[in-house]
Amino acid sequence: MSSRVAELRQANTELLRAKETAEQANTELLRAKETAESANRAKSEFLANMSHEIRTPMNAVLGFADLLYALVTERKQRHYLESIRSSGKSLLTLINDILDLSKIEAGKMQLEYEPVNLYSMINEIRHVFSLKMSEKGLEFIVDIAPDIPDSLLLDEVRLRQILFNLFGNAVKFTERGHIRLSVQKTYIENDKSSLDLSLFVEDTGIGIPSEALETIFDAFKQQDCQSTKRYGGTGLGLAITKRLVEMMDGAISAESGIGKGSRFEIVLHNVAVSATQAKSKKGEIFDEESILFEESVILIVDDIETNRDLVKAFFQDTNISTIEAESGEKALLLIRQYQPDAVLMDIRMPVMDGYEATKQIKEDEDIKDIPVIALTASGMKEDKEKIMHSKFDGFLIKPVKRSDLFRELSRFIRHSKKETLEKGSEISEKEGLLGDVSPETLEKVPEIIDKLENEFTPLWESVRNNNSMTDIQEFGDKMKSLGDEYALKAFQKFGDDLISQVRIFDIENIGATLESYPGLIEELRGLRV
Ligand code: ADP
């Protein structure tokens, strides 16, 4: 009896010990998991910082290549510059993708929910891809369950990015047959206040082998046999898509087989039905060419000289003159001495950064009313919030575009507006939409019109009717090059606007920009007479 008791005790002790070991192993596992997670976050943060550190000098490279292009006439040199520009742009696309991915992984991408109309979003997709699809003879089938509510609370920009990625891949990898986009729903609340939404993108394309299906959502994975030359791409689209879907409380899965086509399914859980209607985003297009600033002085504060030079170049041919400071301390000295009309303040600078310099400006009675606009290379929400909570009067993200810079400055610097043609006002022939036109350009107007009519207008008609993003971007590039070639700012701006609108899939403004094309030709014709 007593030996059984002893046996039992021993068994008990061993059990306890085993439990302790298990608990210890568990704690160690948890600790290892935490270490791994924090290492992963650190890696993502490093990548996010790196990417934006690369973006800043890249912008100087591209910006100056653009400025140089306008000065160079020799064919070979122009050709070299074009290569710099196109490689620079590919690099920027890659960097932007990496930045997106690392921002998500570092937990720094925030979703912004607003009422969204799925019907119009799908319509946009139909328009955007219709040229490519009709070239390939593909059929677009849309299959939306009839009672999907008109207005759902979603992050419109990110959902669009997801659908464009999936749809873009489907079009890219399908040579014949169809692409089907279906939307279904299941109500999860009796009061129908929220639902689970399923979105399918299905194609009859080359398909994906089953072993590749497992890794398709990993970064930088493309099918082994896939020729990058033929299909292009960075291999980051699906990795970003998956993470975005997961941030939206959703899941993504794929079914496919070689030659059988592919079917991607996204399920978004708990999507709220919105009581307010999705609003149409017809933004007013700011026309920086029509702004005439009064004589004023602006202080550019940035520790990097090329950054200052680039901003300075934007003010050429305006009434704005600039002074420069490479540090916060120097900025304070110059502000007290010259009382500029506004300050463009870089954030990250050694010794005294932009936050501290601005704080001191705003604490000084004599200079506190001078507007200070933050100029930051960081698109991160945290920085944005910090800037919002500081005493800055305005805020611009690098790479800053001329139109954004002028729009922001027009809030603080006295200016008048040149009337535009549509208003039917009497404007001098050399102003209006085209801005100032130099005598050299004026001589070449017949040549430009000839080019526009024979090369550009047919292209414009086709992109306008078919709305393919790639073609629109190409049209934008061509217009910009034409603008560079003949020093026509309005054409450069037209190209710049279109290219950046394509990048954020800003469909409505793309439409508005495209519609402004005939006005430009009309005005050139006016110059010829
Ligand atoms: P990429 O920029 O290369 O398109 P993605 O992450 O979007 O990067 O896609 C990764 C790879 O998955 C693609 O390169 C392709 O090999 C494969 N893939 C994605 N969608 C499809 C599809 N609809 N049909 C066939 N292959 C696809």
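Residues numbered from 1 in each chain as written. Predicted model: local features only at pLDDT ≥ 70, side-chain atom pairs only at ≥ 80, totals over all residues. Heavy atoms only, no water.

K.L.:
Looking at this structure, I do not really get the overall build of the chain. What am I missing?
P.N.:
Scanning the chain for helices and strands turns up 18 helices and 14 strands. A total of 529 residues make up the chain; the buried ones form 45% of that total. The contacts of the chain with a sequence gap of at least 6 include a subset with a gap of at least 24, amounting to 71%. For the chain, the exposed area adds up to about 28000 Å²; of that, 51% sits on carbon and sulfur atoms. (Helix = DSSP H or I, 4+ residues; strand = E, 2+ residues; numbered from the N terminus. Buried < 20%, exposed > 50% of the residue type's maximum accessible area, 1.4 Å probe, protein only. Contact = heavy atoms within 4.5 Å. Areas by Shrake-Rupley, 256 points an atom, 1.4 Å probe, with all protein chains shown as cover.)

K.L.:
Just checking my understanding: could you explain a nonpolar patch on the surface for this structure?
P.N.:
On the surface, a nonpolar cluster with roughly 320 Å² of combined accessible area is contributed by Phe46, Leu47, Met50 and Ile54. Along the polypeptide, Phe46 turns up in helix H1 (residues 2–71). (Patch = residues over 30% accessible without salt bridge, like charges linked within 9 Å, V, L, I, M, F, W, Y side chains within 5 Å. Salt bridge = Lys/Arg side-chain N within 4 Å of Asp/Glu carboxyl O.)

K.L.:
How should I be thinking about the packing of aromatic side chains in this particular structure?
P.N.:
One pair of aromatic rings is described through two measures. These are the centre distance and the angle between the planes. The full count for this structure, using the stated rule, is 12 aromatic pairs. Pairing Phe129 with Phe164 gives two aromatic rings, centres 5.6 Å apart and planes at 45°, and the pair type is tilted. A residue pair is termed long-range when its members are at least 10 positions apart, and Phe129 in helix H3 (residues 118–136) and Phe164 in helix H4 (residues 156–172) qualify at 35 residues. When sorted by exposure, Phe129 lands in the same class as Phe164, which is buried. Taking 4.8 Å as the distance between ring centres and 65° as the angle between the ring planes, the aromatic pair formed by Phe140 and Phe167 counts as edge-to-face. Of this pair, Phe140 sits in strand E2 (residues 139–144) while Phe167 sits in helix H4, placing them 27 residues apart in sequence. Comparing Phe140 with Phe167, the two get one shared label, buried. Three or more aromatic residues joined by ring pairs form one cluster here, namely Phe456, Trp460, Phe475, Phe494 and Tyr517. A cation over an aromatic ring shows up here: Arg85 above the ring of Tyr69, its NZ or CZ 4.1 Å from the ring centre. Positioned above the aromatic ring of Phe456, the side-chain terminus of Lys478 is 5.2 Å from the ring centre. (Phe/Tyr/Trp six-rings, centres within 6.5 Å; stacked < 30°, edge-to-face > 60°. Lys NZ or Arg CZ within 6 Å of the ring centre and 35° of its normal.)

K.L.:
Can you walk me through the packing of helix H9 (residues 328–338) against helix H10 (residues 354–363) in this structure?
P.N.:
Helix packing for two helices is described by the angle between their axes and how far apart those axes are. Remark: H9 packs on H10, axes separated minimally by 9 Å, with the N-to-C direction vectors making an angle of 25°. What the angle tells us is that H9 and H10 run roughly parallel. Relative to H10, the crossing made by H9 is right-handed. Taking contact as the criterion, the partners of Gly328, Leu332 and Ile335 in H9 are, on H10, Ala357, Gln360 and Ile361. (Axes fitted to C-alpha atoms, helices over the stretch in contact; angles between N-to-C directions. Parallel < 35°, antiparallel > 145°, perpendicular 65-115°, else oblique. Left-handed = near helix turned anticlockwise from the far one by under 90°.)

K.L.:
Would you explain the side chain of Thr358 in this entry?
P.N.:
Mapped onto the elements, Thr358 comes out in helix H10. In this structure Thr358 touches Met345, Val372, Lys391 and Phe392, once residues within four positions along its chain are discounted.

K.L.:
Would you mind showing me how to read the sheet that holds strand E4 (residues 178–187) here?
P.N.:
Each strand in a sheet pairs with its neighbour through backbone hydrogen bonds, running either in the same direction (parallel) or in the opposite one (antiparallel). Spatial ordering of the open sheet is given by E2-E4-E5-E7-E6, a layout of 5 strands whose pairing is mixed. Both outer strands of the open sheet, E2 and strand E6 (250–256), are each paired with one neighbouring strand and no more. Going across the sheet, the axis of each strand differs from the next one's by a mean of 15°, ignoring polarity. Inspection of the sheet shows E4 paired to strand E5 (residues 194–203) by 9 bridges, in the antiparallel sense. The residue of E5 that forms the bridge with Val183 is Leu199. In the packing of H3 onto the sheet, contacts are made with E2, E4 and E5, and the angle to E2 comes to roughly 170°. Packed onto the sheet, H4 meets E2, E4, E5, E6 and strand E7 (262–272) and runs at close to 20° relative to E5. (Pairing = 2+ DSSP bridges.)

K.L.:
Help me out: how do you make sense of the sheet that holds strand E11 (residues 342–346) in this one?
P.N.:
Reading across the sheet, the 5 strands line up as E10-E9-E11-E12-E13 and stay open at both edges, with parallel pairing between neighbours. In the strand order of this sheet, the two ends are held by strand E10 (320–325) and strand E13 (394–397), each with one partner. Shown here is a sheet whose adjacent strand axes are inclined to one another by a mean of 20°, direction ignored. Strand direction decides the pairing type here: strand E9 (residues 296–301) and E10, joined by 6 bridges, are parallel. If you follow Val297 over to E10, its bridge partner there is Ser321. Where helix H8 (residues 305–314) meets the sheet, it contacts E9, E10, E11 and strand E12 (372–376), and its direction lies at approximately 170° from that of E10. Contacting E9, E10, E11, E12 and E13, helix H12 (residues 402–409) runs over the sheet at an angle of about 175° to E13.

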